[in-house]
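# Architecture at a glance
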Amino acid sequence: MTTFVLVADTFTGGWIWREVLPRLRESGAEAHPVTLTGLGERRHLGGPETDLETHIQDLLQVLDHIDAPEVVVVGHGYGIHPVLGAAGRRPDRIARIVHLDAGLPRDGDPALALVPDKRIRDQLRHRGEQAGQHRRVPPPTREQWQRWGSTVGVTADALARLDRLAAPHPLGTLTQPLRLSGAAAGLPVTGVLCTANGSSIAAVEALVGFGEPRLQALTDPGVSFFELGTGHWPMLSVPTELADVLLRAAAGEGHRLAAAAGEQPAHLRPFLVDLAEGKRDRLGNVDLHLPDAESPRPAVVFVHGGPVPADVRPTPRDWPVFTGYGRYVASLGAVGATVDHRLHTLDDHARAAEDVSEAVALVRADPRVDGQRVALWFFSGGGLLSADWLAAPPPWLRCVAATYPVLEPLPSWGLSGSRFHPAASVRDAGRLPIVLTRVGLERPEIAVTVDRFLTAAAECGADVEVIEVPDGQHGFETVNHTEQSRTALEHAVRSVLEHLRER
């Protein structure tokens, strides 16, 4: 018989698992929802001294008083911090750790460090400090919950209950560093990813493919994954589905990354079109792929996606997909400029936007470039960086292109109030031509941002050409070497170059 211990996110308590418990118990499992000190029905017990260690001790007490040899411990959001802290002290009591739409904290990380948006982190500190000696962070208002995790799928009644029962969260639990002894490192782990909140198995596989050392542990056979097509609160939006996934996780089921661990990462596979290497000049963080021409030529600046970890080698401008695009446009008489920018974390969009702006200025100033005829082409997560150019297109910008782009901030990225919102900026694009390549097998969390962009574009009459790759995947130029992919690629390149030739 499986025994579950359930630890919820900030501002909540054991009450939030109410609809999940019957399904777990019907299966024959035991289920113990935990309310941490200062939250839920125990809000009166919290004080200025309540910190992460307090919550770890809460969980240890639960583990020590359960009459079961091993338990499956589920940490939702912030809840993974006390879960990991307790697991390091009772590894013999735990059969599996489940990260439910939760991050991967490292030794020394406070929970605040895993909040993706710096503005929200600062706001949390500020609100906690304003609370005075009680050091508690007030919960979000009804309108603000979406900023703390997607509420997709949560009914109005459930959202009202979340709003009514939410308690101020002790600030010390968010700022005290998590200390990991390594004792729990070998325990089986399952990640449950909520796609409407911006996470997916495909996204995890892409990050692992970058070779970041701390993520290689995710390819261990003891690590599995599930997806739920909902927002950050699956216990409220899809409680039955969540219970079923937890039961399957406890049984050792789930998707594993180990089978693909030895394969060449998608971003390093050969480009769809075989092109001879031509002349390439490296200028700072920009490479110019140059056509065989004597007079200045129009240019296409290719902007890669992200976040891409800072230590990834080769850097994006040397990836086959971008050298391929650069050579392709050069073979057709334009300058192909590939850029390395510093979108390394979710806090880096402003810095990356500056890098792109400086790169564009460098390209336009080059005597081999016709600075009055330039196109910008954005890929994947770099799509958010198109927002500034759509909002105020300069006269020399003849076209904006986007391929399998993210065109709204994903909910878990914490950028909802930022300027990086192409689906809003497109309303100011005027008659600027936009060439959008959309893949039919796109990740759901990205596809919805493209749909919203196209809806906004249609409402304002923006000039958008959509090129479809029905059977294409994200990164189709290296993962789908088909005639359909080739046709779409050629169509997109020629459309962009046609806009550059127009006077």
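Our subject in this report is the structure included herewith. This is a predicted model, so every value here is computed, not measured. Each residue is numbered by its place in its chain's sequence as written, counting from 1. Only residues with pLDDT of at least 70 get local features here, since the model is predicted, and only at 80 or more are side-chain atom pairs given and counted; chain-wide, interface and lining totals rely on the full set of residues. Only heavy atoms go into the side-chain values, all of them from the structure, while hydrogens and water stay out.

What follows concerns the overall build of the protein chain. Only DSSP runs of H or I with at least four residues qualify as helices, and only runs of E with at least two residues qualify as strands; both kinds are numbered from the N terminus onward. Summing up its helical and strand segments, the protein chain has 16 helices and 16 strands in all. With the radius of gyration taken over C-alpha atoms, the globule rule is written as 2.2 Å times the number of residues to the power 0.38. Taken against the 2.2 N^0.38 rule, which gives 23 Å for 503 residues, the C-alpha radius of gyration of the protein chain at 25 Å falls within 12% of a compact globule. Dimensions of the protein chain along its principal axes, counting C-alpha atoms only, are 80 × 45 × 35 Å. Within the span of the protein chain, comprising 503 residues, buried residues form 55% of the whole. Per element, the accessible surface of the protein chain, about 20,200 Å² overall, is 51% carbon and sulfur. Only protein chains enter the accessibility calculation, which uses a 1.4 Å probe; a residue whose area is less than 20% of its type maximum is buried, one above 50% is exposed, and one in between is partly exposed. For every accessible area listed, the method is Shrake-Rupley and the probe measures 1.4 Å; residues are considered covered only by the protein chains on display.

Moving on to the pairing of strand β13 (residues 369-379). The buried fraction of β13 amounts to 10 of the 11 residues, a majority that puts the element mostly inside the structure. Here, any two strands with at least 2 DSSP bridges between them count as paired. Alignment of strand β11 (residues 297-303) against β13, held across six bridges, turns out to be parallel. Note that in β13 the partner of Val301 across the bridge is Leu376. As defined by bridge partners, β13 adjoins strand β14 (residues 397-403) across six bridges and the pair is classed as parallel. Within the sheet, the bridge partner assigned to Leu376 lies in β14 and is Val400.

So, on to empty space enclosed by the protein. Of the two site types, the cavity is a set of points on a 1 Å grid over the protein atoms alone where a 1.4 Å probe fits but cannot get out, and the pocket is an open set with protein on both sides within 12 Å along at least five of seven lines, each lined by residues with an atom within 4 Å of a point. Grid points are joined across faces, edges and corners, and a volume is the space filled by probe spheres set on the points. This structure, assessed with the given rule, holds two cavities of 30 Å³ or more. Around the largest cavity, the lining residues are Phe378, Gly383, Ser386, Leu390, Val400, Ala402, Leu407, Ile434, Leu436 and Phe453. Where the lining of the largest cavity is concerned, the elements lending two or more residues are β14 and β15 (434-439). In this structure, the second largest cavity occupies an estimated 40 Å³ of space. Surrounding the second largest cavity, Val7, Ala8, Asp9, Thr12, Gly13, Val34, Thr35, Leu36 and Leu39 form its lining.

Next up on the list: helix α14 (residues 444-460). In this model, α14 (17 residues) spans 25 Å end to end at C-alpha, consistent with the 24 Å of a helix rising 1.5 Å per residue. Glu445, Ile446, Thr449, Val450, Phe453, Leu454, Ala456 and Ala457 are the residues of α14 that are buried. Any pair of residues with heavy atoms lying within 4.5 Å of one another is described as a contacting pair. Looking at the packing, one finds that the buried side of α14 touches α7 (201-209), α12 (387-391), α13 (422-425), β15 and β16 (464-469). Of the residues trailing α14, Gly461 is marked for its positive phi of about 70 degrees. Helices are assigned an expected span. That span is 1.5 Å times one less than the residue count.

At the junction of Gly306 and Pro307, the peptide bond is cis and its omega measures out at 0 degrees in the coordinates. Examined against the element boundaries, Pro307 turns out to sit in the loop between β11 and α10 (320-331). In this model, Arg313 is joined to Pro314 through a cis peptide bond whose omega is -5 degrees. When you line up the elements, Pro314 lands in the loop between β11 and α10.

To obtain an axis, a line is fitted to C-alpha atoms, over the contacting stretch when the element is a helix, and the angle between two such axes runs from 0 to 180 degrees between their N-to-C directions. Interhelical geometry of helix α2 (residues 52-64) versus helix α3 (residues 80-87) gives an angle of 60 degrees and a closest axis separation of 8 Å. Viewed along their axes, α2 and α3 form a crossing whose handedness is right-handed. Facing α2, whose interface residues are Leu52, His55, Ile56, Leu59, Leu60 and Leu63, α3 presents His81, Pro82, Val83, Gly85 and Ala86. The residue makeup of the contact of α2 with α3, split by class, is eight nonpolar, three polar and no charged. Each helix crossing is assigned a hand: it is left-handed if the near helix lies turned anticlockwise from the far helix by less than a right angle, otherwise right-handed if that turn is clockwise. Each residue receives one of three labels: charged for Asp, Glu, Lys and Arg, nonpolar for Ala, Val, Leu, Ile, Met, Phe, Trp, Tyr, Cys and Pro, and polar for the others, Gly being one of them.

A few words on the pattern of salt bridges. Within this document, salt bridges are pairs made up of a side-chain nitrogen of Lys or Arg and a carboxyl oxygen of Asp or Glu, the two lying within 4 Å of each other. With the rule as written, the count across this model stands at 27 salt bridges. Two residues, Asp64 and Arg90, come together in a salt bridge whose shortest N-O distance is 2.9 Å. Here the residue Asp64 occupies a position in helix α2, and Arg90 occupies one in the loop between α3 and β4 (94-100), the gap between them amounting to 26 residues. Judged by relative accessible area, Asp64 falls into the partly exposed class, the value being 36%.

Read across the open sheet, the six strands follow the order β2-β1-β3-β4-β7-β8; overall the sheet is parallel. Each edge of the sheet is formed by a strand with only one pairing partner; in this case those strands are β2 (30-34) and β8 (223-228). For this sheet, the mean inter-axis angle between neighbouring strands, taken without regard to orientation, is 20 degrees. Bridge count for strand β1 (residues 3-7) against β2 is five bridges, and the pairing is parallel. Across the sheet, the residue bridging to Val7 is Val34, located in β2. Against the sheet, helix α9 (residues 239-250) contacts β1, β3 (71-76), β4, β7 (189-194) and β8, and its axis sits at roughly 170 degrees relative to β8.

So, about the layout of surface pockets. A probe matching the size of a water molecule, rolled over the atoms, marks out where space remains unfilled. By volume, the second largest pocket amounts to about 360 Å³. Gln146, Ala196, Pro409, Pro411 and Arg452 are the residues nearest the centre of the second largest pocket, which is lined by 19 residues in total. Class assignment of the residues belonging to the lining of the second largest pocket gives a composition of eight nonpolar, seven polar and four charged.

As a further point, take the pairing of strand β9 (residues 279-283). In the sheet, β9 pairs with strand β10 (residues 286-290) via five bridges, with the strands oriented antiparallel. Residue pairing in the sheet places Asp281 in a bridge with Leu288 of β10. Where β9 hands over to β10, the hairpin turn is made up of two residues, of which Gly284 adopts a positive phi near 60 degrees.

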